[in-house]
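# Survey of secondary and tertiary structure
Each chain is listed here by its residues.
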Amino acid sequence: MPFYKENNINSNTVAYFWKITEDINWFKEKALLNEKSLSRLQTMQSVSHQKGFLAVRMLLQHIDLTDFDLYYDEFGKPHLKVESQMSKVKSQEINNINSKQKHISISHSHEFSCICICNKPVGIDIEICKEKTLKIASRYMDVTHLDNLTIADKIKKATVIWGIKESIFKLKNEKGISFPKHIFERPFKLEDKKGTAQLIFNNNTEDFQFQFDIIKEYAFVCALTK
Ligand SMILES: CC(C)(COP(=O)(O)OP(=O)(O)OC[C@H]1O[C@@H](n2cnc3c(N)ncnc32)[C@H](O)[C@@H]1OP(=O)(O)O)[C@@H](O)C(=O)NCCC(=O)NCCS
């Protein structure tokens, strides 16, 4: 299946999902790649990683951008180039994001790749819900937030909380941020599909809001500044 769906997080933020069912040659034929991405692709050992990377390029093409509109900073965080490149975007949703500077965040996990475009800094994460994430929960979260849940819901919630921390980490992109020591989600329920969290780091406290969704057996999280 090619393009899977879009999710309007709010009027300034849209997430796009690709469900990967195509073979690698299909992606290689369709996805436009700049020189750096071509070299990166060649270093990727697994076909699954290559497909996830190329599906992101297909999502960019889906919204009338290409890999040539993207660059990475020294930490590996992706950024969109300036407005001149964005002006060609025909997508209505993106044009509704009425700010000159657009931000992007990228995530991939097994059969899903996703990108999110926003008028302010954003971080997203998609993770498959698996028992291992629950097993190591005490290493990255307050496990009392899993009290009184079935095992299946504990796995989902632990994965969502992992995703919250990954998303905030991606949004901030600062060295030294530790998931258990610096990022704290406030209590929330799986039914809420949203919540708030704090980053307490370098004598500074910042508030974030997050939204999440369970898509098939995956947890998707989007974090924004409050
Ligand atoms: C870099 C990191 C955020 C990637 O997350 P991941 O879940 O492994 O993989 P995802 O598919 O969700 O995200 C990968 C994408 O994140 C983006 N990314 C990479 N480094 C980034 C950074 N410093 N800031 C923002 N985004 C970043 C890239 O777009 C990358 O995909 P691409 O290179 O194919 O474009 C993650 O590996 C990491 O370093 N996390 C924090 C470390 C940590 O504290 N871990 C556990 C502590 S208990």
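What comes next is a walk through the structure. (Residues numbered from 1 in each chain as written. Predicted model: local features only at pLDDT ≥ 70, side-chain atom pairs only at ≥ 80, totals over all residues. Heavy atoms only, no water.)

If you check helix α3 (residues 47-62), its first and last C-alpha atoms are 22 Å apart, about what 16 residues at 1.5 Å a residue would give, namely 22 Å. For α3, every residue scored as buried is listed here: Q50, K51, G52, F53, L54, A55, V56, R57, M58, L59 and L60. Taken from the residues just after α3, D64 is the one with a positive phi, measuring 65°. (Helix = DSSP H or I, 4+ residues; strand = E, 2+ residues; numbered from the N terminus. Expected span 1.5 Å × (residues − 1). Buried < 20%, exposed > 50% of the residue type's maximum accessible area, 1.4 Å probe, protein only.)

Here we take up the sheet that holds strand β6 (residues 112-118). On the basis of which strands lie adjacent, the open sheet formed by four strands has the order β1-β2-β6-β5 and antiparallel pairing. Single-partner strands in this sheet number two, and they are β1 (3-10) and β5 (103-109). Between one strand axis and the next, the sheet turns through 15° on average, direction left out of account. Pairing geometry for β5 and β6, over seven bridges, is antiparallel. Bridged to S105 within β6 is C116. Against the sheet, α3 engages β1, β2 (13-19), β5 and β6, with an angle of about 40° to β6. (Pairing = 2+ DSSP bridges. Axes fitted to C-alpha atoms, helices over the stretch in contact; angles between N-to-C directions. Contact = heavy atoms within 4.5 Å.)

Moving on, we get to the site of the ligand. Lining the immediate surroundings of the ligand are 18 residues, of which Y72, S107, H108, K170 and N173 lie closest. Between an oxygen atom of the ligand and a side-chain N or O atom of H108, the distance comes to 2.8 Å. Between the ligand and E166 there is a distance of 3.3 Å, counted from a nitrogen atom to a side-chain nitrogen or oxygen. A total of 920 Å² of accessible area belongs to the ligand in isolation, and the protein chains cover 72% of it. Elements with a contribution of two residues or more to the shell around the ligand: β5, β7 (122-128) and α7 (151-172). Among the residues making up the shell around the ligand, the classes are represented as eight nonpolar, four polar and six charged. The residue makeup of the shell around the ligand includes at least three contributed by each of domain 1 (3-120) and domain 2 (125-225). (Near = heavy atom within 4 Å. Polar contact = N/O pair within 3.5 Å; in protein donor to acceptor, adjacent residues only side chain to side chain. Areas by Shrake-Rupley, 256 points an atom, 1.4 Å probe, with all protein chains shown as cover. Nonpolar A, V, L, I, M, F, W, Y, C, P; charged D, E, K, R; others polar. Domains from an automatic or database assignment.)

With that settled, the discussion passes to the nonpolar core. Within the largest apolar cluster, 27 residues are counted, with the highest numbers of intra-cluster contacts made by V160, I164 and I168. Looking at this core, the elements that each hand over two or more residues are α7, β9 (194-201), β10 (204-215) and β11 (218-225). Sorting elements by how many residues they give to this core places α7 first, with seven residues. Once residues lying within four places of it in the same chain are set aside, the contact partners of V160 are F188, L190, F212, I214, A219 and V221. Among the nonpolar cores identified, the runner-up in size contains 25 residues, and A31, M44, L70 and I104 belong to it. (Core = buried A, V, L, I, M, F, W, Y, C linked by side-chain atoms within 4.5 Å.)

In short, shape yes, function no, at least from these values alone.
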